[in-house]
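Each chain is listed here by its residues.
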Amino acid sequence: KTAAVSLSAKAKEFKPTFNSKAPAFVPRSFAAKPAAAATGADAAAPAPKPMSISIGGAPKPAPAPAAAGAAAPAPTPAAAAPAAPAAPESKPKATPSPDPALNTIPESREADDDVLLDEHFKEHLNVIFIGHVDAGKSTLGGNILYLTEMVDKRTMEKYEREAKEAGRESWYLSWALDTNQEERAKGKTVECGRAYFETTKRRYTILDAPGHKNFVPSMLGGAAQADVGVLVISARKGEFETGFERGGQTREHALLAKTAGVRRLIVAINKMDDPTVKWDKERYDDIIAKLSPFLRTAGYPKSDLLFMPISGFTGAGVKDRVTSDVCPWYSGPSLLEQLDDMQAIDRKINGPLRIPISEKFSDMGTIISGKIESGHIKVNQKVTLMPDKRVAEVSAIYGEDESEVQMAICGDNVRIKLRGIEEKDVKPGYVLTDTKNPCHTTRAFEAQLQILDVKSIVAAGYKSVMHVHTAIEDVTIGKLVHKLNKKGQKSKLPPPFVKKGEACIARIEVHKSVCIEKFADFPQLGRFTL
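Residues numbered from 1 in each chain as written. Predicted model: local features only at pLDDT ≥ 70, side-chain atom pairs only at ≥ 80, totals over all residues. Heavy atoms only, no water.

**Student:** Sorry, what's going on with the overall build of the protein here?
**Tutor:** The helix and strand inventory of the protein stands at 11 helices and 20 strands. Per-residue burial for the protein yields a buried fraction of 43% across its 530 residues. Long-range contacts, defined here as pairs at least 24 residues apart, represent 71% of the contacts in the protein between residues at least 6 apart. (Helix = DSSP H or I, 4+ residues; strand = E, 2+ residues; numbered from the N terminus. Buried < 20%, exposed > 50% of the residue type's maximum accessible area, 1.4 Å probe, protein only. Contact = heavy atoms within 4.5 Å.)

**Student:** Even after reading the chapter, I still don't get the packing of helix α6 (residues 216–223) against helix α8 (residues 249–259), so can you show me in this structure?
**Tutor:** Two quantities define a packed helix pair, namely the angle between the helix axes and the distance between the axes. Put simply, α6 and α8 touch, their axes get as near as 10 Å, and they point 35° apart. α6 and α8 meet at a crossing whose hand is right-handed. Of α8, the residues touching α6 (which contributes Val216, Met219 and Leu220) are Gln249, Glu252, His253, Leu256 and Ala257. Tallied by class, the residues present in the contact of α6 with α8 amount to five nonpolar, two polar and one charged. (Axes fitted to C-alpha atoms, helices over the stretch in contact; angles between N-to-C directions. Left-handed = near helix turned anticlockwise from the far one by under 90°. Nonpolar A, V, L, I, M, F, W, Y, C, P; charged D, E, K, R; others polar.)

**Student:** Please explain the packing of aromatic side chains as it appears in this structure.
**Tutor:** For any pair of aromatic rings, geometry is given as the distance between the ring centres together with the angle between the planes. Taken as a whole and judged by the stated rule, the model has five aromatic pairs. An angle of 15° between the planes, with centres 4.9 Å apart, marks the rings of Phe197 and Tyr204 as stacked. Both residues of the pair, Phe197 and Tyr204, count as buried. Between Tyr284 and Trp329, the ring centres sit 5.0 Å apart and the planes meet at 45°, which makes this aromatic pair tilted. Highlighted residues: Tyr284 in helix α9 (residues 281–297) and Trp329 in the loop between β6 (305–309) and α10 (335–340), separated in sequence by 45 residues. (Phe/Tyr/Trp six-rings, centres within 6.5 Å; stacked < 30°, edge-to-face > 60°.)

**Student:** I would appreciate a short explanation of the packing of α8 against α9 in the present structure.
**Tutor:** Taken N-terminus to C-terminus, the directions of α8 and α9 make an angle of 35°; their axes are 10 Å apart at the nearest point. α9 is crossed by α8, and the crossing has right-handed handedness. For the pair α8 and α9, contact is made by Thr250, Arg251, Ala254 and Leu255 and by Leu291, Phe294 and Leu295, respectively. Class assignment for the residues of the contact of α8 with α9 results in five nonpolar, one polar and one charged.

**Student:** I tried to follow the side chain of Asp434 on my own but got confused; where do I start?
**Tutor:** Note that Asp434 resides in strand β15 (residues 431–434). No salt bridge forms around the buried Asp434; measuring N to O, its nearest opposite-charge neighbour Arg354 is 4.3 Å away. Polar side-chain contacts of Asp434 include one of 3.2 Å to the backbone nitrogen of Leu353. When residues no more than four places from it in sequence are discounted, the contact partners of Asp434 are Pro352, Leu353, Arg354, Gln381 and Thr384. (Lys, Arg positive; Asp, Glu negative; His and termini not counted. Salt bridge = Lys/Arg side-chain N within 4 Å of Asp/Glu carboxyl O. Polar contact = N/O pair within 3.5 Å; in protein donor to acceptor, adjacent residues only side chain to side chain.)

**Student:** Sorry if this is basic, but what is going on with the pairing of strand β10 (residues 382–386) here?
**Tutor:** Side-chain direction in a regular strand flips from residue to residue, so the side chains alternate between the two faces of the sheet. Counting buried residues along β10, four of its five residues qualify, which places the element largely inside the surrounding structure. Bridge count between β10 and strand β11 (residues 390–398): four bridges; the pairing is antiparallel. Following the sheet pairing, Leu385 is matched in β11 by Arg390. The loop that links β10 with its antiparallel partner β11 comprises three residues; one of these, Lys389, has a positive phi angle of about 60°. Of the pairings in the sheet, the one linking β10 to β15 comprises four bridges and is antiparallel in character. (Pairing = 2+ DSSP bridges.)

**Student:** What exactly am I supposed to notice about empty space enclosed by the protein here?
**Tutor:** A probe as big as a water molecule, rolled over the atoms, marks out the empty space that is left. Enumeration according to the criterion identifies one cavity of 30 Å³ or more in this entry. Taken as a whole, the largest cavity encloses approximately 30 Å³ of empty space. Considering the residues around the largest cavity, the lining is formed by Ala224, Gln225, Pro356, Lys371, Glu373, His469 and Thr470. Here the residues of the lining of the largest cavity are counted per class, giving two nonpolar, three polar and two charged. (1 Å grid on protein atoms, 1.4 Å probe; cavity = no way out; pocket = protein on both sides within 12 Å on 5 of 7 lines; lining within 4 Å. Points joined across faces, edges and corners; volume = space filled by probe spheres on them.)

**Student:** Honestly, the environment of His124 in this entry has me stumped. Any pointers?
**Tutor:** Along the chain, the position of His124 falls in strand β1 (residues 123–130). Accessibility expressed as a relative area gives 4% for His124, which makes it buried. Apart from residues lying up to four places away in sequence, His124 is in contact with Arg203, Tyr204, Thr205, Asp227, Arg347, Glu400, Gly411, Asp412 and Asn413. One polar contact links His124 to Thr205, side chain to side chain, over a distance of 2.9 Å. Within the structure, His124 has its side chain in polar contact with the backbone oxygen of Gly411 (distance 2.8 Å).

**Student:** I'm lost on the pattern of salt bridges in this one. Help?
**Tutor:** Once the charged atoms of two side chains with opposite charge are near each other, the side chains can pair. For the structure on display, the rule yields 23 salt bridges. As a salt-bridge pair, Glu239 and Lys271 come within 3.1 Å of each other at their nearest N and O atoms. Within this pair, whereas Glu239 is found in helix α7 (residues 239–244), its partner Lys271 is found in the loop between β5 (264–270) and α9, the two being separated by 32 residues in sequence. When the shortest N-O distance is used, the salt bridge between Glu517 and Arg354 registers 3.0 Å. Of this pair, Glu517 sits in the loop between β19 (503–515) and α11 (523–526) while Arg354 is found in strand β7 (residues 354–362), placing the two residues 163 residues apart along the sequence. You can call Arg354 buried: its relative accessible area is 3%. Each of Arg236, Glu239, Lys271 and Asp274 takes part in salt bridges that share partners, so that together they form one network.

Structural data, given as structure tokens:
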């Protein structure tokens, strides 16, 4: 009870006192009532001082102390020791014999982190293949799956036979990623394809983005989950020029990938084995000379750009390096070697849980899939689905290779079976969070906008579609708050409009509640594209 706690304002630190002779600790509320015939000594014995001990988890920071003279706040169960109200700045001095019960907590957390890292010794990377339609993205992805033995030879021979019968002999490698009949018949990827492969150093998820401009929303959904981008360029005469000129998807995909959070870009100059190219160095240099200035203006520094010649169809330069008899002028690493040698990405393994939901379906229970952007998740963990605030329990977790796992960490692409929630209550764009730290939801927010491309001008009342993580929502620009100059300084007066190439701070109103975070806290949940 609160009334039983007495705090000394002059005390410098809290020292619990233990009676070593006491046989056991029995709380007073559960103890047997004393006999009526108590001795005078027993009656005069002072009552034991109440004490608060934290069991499990790190102690939460104590609340800010009240002003002098105010009543002391009631101690919470998670607080290991109430702070002295009179001295908010002074820290408790280290004691020679600290309480063993409190010392075990950080050790158990460290041990827990070690278990997480031991089980996930191979880092997981999400790689998106972007580029103009017919650049060879799906063929390259299919060949990677074959070369890393994720698709066996027998299956590939079956695809080759079926493709030959359909009169699409050179498309058989792309059929490993383009699985539905519509995609196979037209030779165009419609949805963002997904596949998994592993090397000796890392685990990878391929996100095969559609190249056609009609399917840009699918491409954006994939880019939001990617860590690394592979911009596939066709070196064939005429194809590079079509994709790179105004209206081609090479420019748009590179810009959208940057705004979606893809920081590193590998530019794979594909189809170098084509009869119009024949591994010609002059053609390779010409493509790089045209691409480099544009990619730098798109926001990719020189250190984050890598160029390499490959052939997605023959596999030259994909897993093994290009041989000197085929390409004597290039001696750099292959595509998979370059991916393996990339610097490790800093993950928030112990941060609050954030999983934007990309897909949902029902299979003996509600199953959702998505990439863990922050934190880690375990089987039997209680989770909250935002923005509806529905609580569910994790009954199973499936990794990329369809195997059931006990836990998954930040960066993993997972499928999660939920208990206590219906499939109709889940929508793509919702975010799965932990119950203690749910994400923010809002219907209006202020954000910094960079106008990359617009037909006329942007003013208050401008309507658009917002892509934020996996959510797609209709929005209206409520008002323009400030205009930003090139140094990032704000204007004093709100601008009447902004045009292409300018930046501003705008108030954006969403038609229904959306999960969003500050960019500084969670970059993947704090950046969006209109």
